[in-house]
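Breakdown of the fold
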Amino acid sequence: MSLGAAELLERIRALDLPEKVRIMNVCGGHERSITQAGLRNALPPAIELIPGPGCPVCVCPEEDVYQAIQLAMNEDLTLATFGDMLRVPVNVRKTEIRSLEQAKAAGADVVPVASPQEIVALARANPDRRVVFFAAGFETTTAPVAAMMAQGVPDNLLLLLSGRLTWPAVSMLLNSGEVGFDALIAPGHVGTVMGPEEWEFVVEDHNVPAAIAGFDSDSLLAAIYSVLRQLQSGKPALDNCYTRVVQSGGNPTARRFLSQVMEVTDATWRGIGTIPASGFSLRDVYAAHDARKLLPDYGDDARRRVGEMPAGCDCAQVVLGRIYPDQCRIFGAACTPRTPVGPCMVSDEGACRIWWSSGKRT
Ligand code: SF4
């Protein structure tokens, strides 16, 4: 029988904890649940819950956002993307239009969409017009995009893909020599698609406790209790605290679509740089739908600023879990959801937006 939140909190408080235990999560949904439920205040002060690279919009490289803006502004096409992406700012010199929202206001045909089905319907309704789907996301978002492609799309639908795998970012942090956490809460929704096995490297290669969690307080507290006990025992073992949904091997259909349509490539992450084997690109057989191959490339060396953030913005440090959102120099001052300076204040999955929305102001 699984324990409830009150019982888990009691058990956690009864543990003999070290002076400080840093537990990282890598999922915007986890960070939102932790923040909205007030888990940081409910847990003993020794436990630090650190948001890490869990927001796909935040890590989408500036050059991809720039390319989408330039396509919308300069080519005769419709640019469709998930709503979060519209307000993500770029920081390119000599560019007046700094987001897709501004491009739309300037007259570009930019359309926010909520699902791949909506994109297909949009392309079918406009057969004489190119519709470019700018798709940024982690495995859970990219798998439905792969399914869309595998099932067949209209000829006029092109994909500007910016998909990322989650685990390589954690691997990069663990291999960096500056590991800023003692235990990991692994993302339940990614585990649902890819299987829990993807996270075994955390314990097997790095001896770091890890547990997969769902999105309610019970599941998150179960995962926190699990990693604390793993730390105490000195015997880390990946624990699945979301067995209701996360099954061994993940979702075979989703994984089949991903491998049929896409291949894994080195990829750049905004604020982080290039991470080996951390991105998805379309296989050659889908080249007729690949916006990267078919449309002009508006990037040049001066504009490939993938690692950079806007002036004063500490998003890179937030994404890497090195500082908390309210430790950014401009959190709540120059940067708010109404006037976002960095991507972490734009997306519902961004740690800064989540902290602000939960009442944190400075
Ligand atoms: Fe970036 Fe704004 Fe967050 Fe600072 S407060 S890290 S600028 S999103």
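Presented here is an overview of the structure given in this document. (Residues numbered from 1 in each chain as written. Predicted model: local features only at pLDDT ≥ 70, side-chain atom pairs only at ≥ 80, totals over all residues. Heavy atoms only, no water.)

**Examining the overall build of the protein chain**
Within the protein chain one finds 16 helices and eleven strands. For 362 residues, the compact-globule estimate of 2.2 N^0.38 gives 21 Å, and the C-alpha radius of gyration of the protein chain, at 21 Å, lies within 12% of that figure. Of all 362 residues assigned to the protein chain, the portion counted as buried reaches 56%. In the protein chain, once contacts between residues fewer than 6 apart in sequence are set aside, the share between residues at least 24 apart is 75%. When the accessible surface of the protein chain is summed, it comes to about 15000 Å², and 48% of that surface belongs to carbon and sulfur atoms. (Helix = DSSP H or I, 4+ residues; strand = E, 2+ residues; numbered from the N terminus. Rg over C-alpha atoms; globule rule 2.2 N^0.38 Å. Buried < 20%, exposed > 50% of the residue type's maximum accessible area, 1.4 Å probe, protein only. Contact = heavy atoms within 4.5 Å. Areas by Shrake-Rupley, 256 points an atom, 1.4 Å probe, with all protein chains shown as cover.)

**What about the packing of helix 1 (residues 5–13) against helix 12 (residues 217–233)?**
Contact geometry of helix 1 with helix 12 gives a least axis separation of 9 Å together with a crossing angle of 20°. The angle between helix 1 and helix 12 places the two elements in the roughly parallel class. The handedness of the crossing between helix 1 and helix 12 is left-handed. Between helix 1 and helix 12, the contacting residues are Ala5, Leu8, Leu9, Arg11 and Ile12 on the first element and Ser217, Asp218, Leu221, Ala222, Ile224, Tyr225 and Leu228 on the second. (Axes fitted to C-alpha atoms, helices over the stretch in contact; angles between N-to-C directions. Parallel < 35°, antiparallel > 145°, perpendicular 65-115°, else oblique. Left-handed = near helix turned anticlockwise from the far one by under 90°.)

**Details of the pattern of salt bridges**
The final tally for this structure, using the stated rule, is 14 salt bridges. Of the charged contacts in the structure, one is a salt bridge between Asp182 and Arg22, with a shortest N-O distance of 2.9 Å. Linking Asp182 in the loop between helix 9 (167–175) and strand 7 (183–187) with Arg22 in strand 1 (residues 21–25), this pair joins segments that are 160 residues apart in sequence. We note a salt bridge from Glu31 to Arg40, for which the minimum N-O separation is 3.0 Å. Residues joined in a network through salt bridges with shared partners are Asp76, Asp109 and Arg129. (Salt bridge = Lys/Arg side-chain N within 4 Å of Asp/Glu carboxyl O.)

**Describing the site of the ligand**
Close to the ligand lie Cys313, Asp314, Cys315, Val318, Cys328, Ile330, Phe331, Cys335, Gly342, Cys344, Met345 and Cys352, which account for all nearby residues. Among the residues forming the shell around the ligand, the class breakdown is ten nonpolar, one polar and one charged. (Near = heavy atom within 4 Å. Nonpolar A, V, L, I, M, F, W, Y, C, P; charged D, E, K, R; others polar.)

**Focus on the state of the cysteines**
Should the sulfur atoms of two cysteines be covalently bonded, the bond is a disulfide. One pass over the structure, following the stated rule, counts one disulfide. In this model Cys55 forms its disulfide with Cys58; the gap between the sulfur atoms is 2.3 Å. On the S-S bond that ties Cys55 to Cys58, the torsion sits near 75°, and the link is right-handed. Accessibility expressed as a relative area gives 4% for Cys55, which makes it buried. (Disulfide = S-S within 2.5 Å.)

**Remarks on the nonpolar core**
Membership of the largest hydrophobic core comes to 72 residues, with the highest contact counts inside it found for Leu100 and Leu184. When sequence neighbours within four positions are dropped, the list of residues in contact with Leu100 reads Ala68, Ile69, Ala72, Leu79, Thr81, Met85, Leu86, Val110 and Phe134. (Core = buried A, V, L, I, M, F, W, Y, C linked by side-chain atoms within 4.5 Å.)

**Points about the sheet that holds strand 1**
Within a beta sheet, neighbouring strands are joined by backbone hydrogen bonds and run either parallel or antiparallel to one another. Pairing is parallel in the open sheet, where five strands are placed in the order 2-1-7-8-9. Looking at which strands have only one partner, the edges of the open sheet turn out to be strand 2 (47–51) and strand 9 (239–240). The pairing of strand 7 with strand 8 (residues 210–213) spans four bridges and is classified as parallel. Residue pairing in the sheet places Leu184 in a bridge with Ala210 of strand 8. (Pairing = 2+ DSSP bridges.)

**Examining the packing of aromatic side chains**
Scanning the entire structure with this criterion turns up seven aromatic pairs. Summarising the aromatic geometry, the rings of Phe215 and Tyr242 are spaced 6.1 Å apart at their centres and angled 85° between planes, so their arrangement reads as edge-to-face. Of the two residues, Phe215 is situated in the loop between strand 8 and helix 12 and Tyr242 in the loop between strand 9 and helix 13 (252–261); the sequence distance between them amounts to 27 residues. The interplanar angle of 25° and the centroid separation of 5.5 Å between the aromatic rings of Tyr324 and Trp355 together place this pair among those described as stacked. One end of the pair, Tyr324, is in the loop between helix 15 (315–319) and helix 16 (351–357); the other, Trp355, is in helix 16, and 31 residues separate them in sequence. When its relative accessible area of 7% is taken as the criterion, Trp355 is described as buried. Members of the aromatic cluster, joined through ring pairs, are Trp167, Trp199 and Phe201. (Phe/Tyr/Trp six-rings, centres within 6.5 Å; stacked < 30°, edge-to-face > 60°.)

**Re the environment of Leu159**
Here Leu159 shows up in strand 6 (residues 157–164). Classification of Leu159 by relative accessible area gives buried; the value is 0%. Counting along the chain gives 26 residues from Leu159 to Phe133, while the straight-line C-alpha distance between them is 4.9 Å. Apart from residues no more than four positions distant in its own chain, Leu159 is found in contact with Phe133, Ala135, Val145, Met149, Leu282, His289, Asp290, Ala291 and Arg292.

**Points about a negative patch on the surface**
On the surface, Glu197, Glu200, Glu204 and Asp205 cluster together to form a negatively charged patch. Residue position: Glu200 is located in helix 11 (residues 200–206). (Patch = residues over 30% accessible without salt bridge, like charges linked within 9 Å, V, L, I, M, F, W, Y side chains within 5 Å. Lys, Arg positive; Asp, Glu negative; His and termini not counted. Charge placed at Lys NZ, Arg CZ, Asp CG, Glu CD.)

**Section: the sheet that holds strand 10 (residues 262–269)**
What the six strands build is an open sheet, ordered 4-3-5-6-11-10; its pairing is mixed. Each end of this open sheet is capped by a strand with a single partner; those strands are strand 4 (110–113) and strand 10. If you compare each strand with its neighbour and ignore which way they point, the axes differ by 25° on average. Direction of pairing for strand 6 relative to strand 11 (residues 273–282): antiparallel, over a ladder of two bridges. In the strand pairing of strand 11, Arg164 is matched with Gly279. Set on the sheet, helix 9 makes contact with strand 10 and strand 11; between it and strand 11 the angle comes to about 170°.

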